[in-house]
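Here is what each chain is made of, one letter per residue.
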Amino acid sequence: MNREEVTQAISELIENFQNLPRDEKLTFLTFNQYHHKRSINEVVSIYVQNPEARLLGSFDYWKNLSTESSVVFGQKASVRIWNEYGRVKETLYDVS
């Protein structure tokens, strides 16, 4: 997803959150437990881009963790986090 699509999806989620079925709200809250150290803005951004994301890390994080868990060259990023100026702040890859 590009930044505009993510921004639109975030707006729609926030606007419609009250009207979501209970199970979808619980799905989001369960998702939040995996990313509780991040700001709510980042959690929502991650959720709309990849609701299946569990353990996210940068390229260097995975590279330094172990030789068996590094990101494969050319692999697409799971999630991008943008700053307030529209620039990519973080590119993250999921454990899967």
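Participant: Tell me about the side chain of Glu42, and please be specific about residues and values.
Facilitator: Tracing the chain through its elements places Glu42 in helix H3 (residues 40-49). In this structure Glu42 comes out as buried when scored by relative accessible area, which is 12%. Of note is the side chain of Glu42, whose polar atom sits 3.0 Å from the side chain of Arg38. Residues in contact with Glu42, not counting those within four places in the same chain, are Ile81, Lys89 and Glu90.

Participant: Provide a residue-level description of the pairing of strand E3 (residues 88-94), including the pertinent values.
Facilitator: Bridging between strand E1 (residues 56-57) and E3 involves two bridges; their strand directions are antiparallel. Paired with Gly57 across the bridge in E3 is Tyr93. Sheet analysis places strand E2 (residues 79-82) next to E3, joined by four bridges and oriented antiparallel. What sits directly across from Arg80, in E3, is Thr91.

Conventions and cut-offs
Per chain, the residues get numbers from 1 upward, laid out in the order the sequence is written. Local features are withheld for residues below a pLDDT of 70 in this predicted model, meaning they are given only at 70 or higher, and side-chain atom pairs are given and counted only at 80 or more; totals for whole chains, interfaces and linings count all residues. Excluding hydrogens and water, the side-chain values take into account all heavy atoms of the structure. Here a strand is any run of E in DSSP of at least two residues, a helix any run of H or I of at least four, and the numbering for each starts at the N terminus. Only protein chains enter the area calculation, which uses a 1.4 Å probe; residues under 20% of their type maximum are buried, those over 50% are exposed, and those in between are partly exposed. Contacts described as polar in this section are N or O atom pairs within 3.5 Å, which, within protein, must combine one atom able to donate a hydrogen with one able to accept it, while residues neighboring in sequence count only if both atoms come from side chains. Residue contacts are defined here by distance: any two heavy atoms, one from each residue, within 4.5 Å place the two residues in contact. Two strands qualify as a pair provided that DSSP identifies no fewer than 2 bridges between them.

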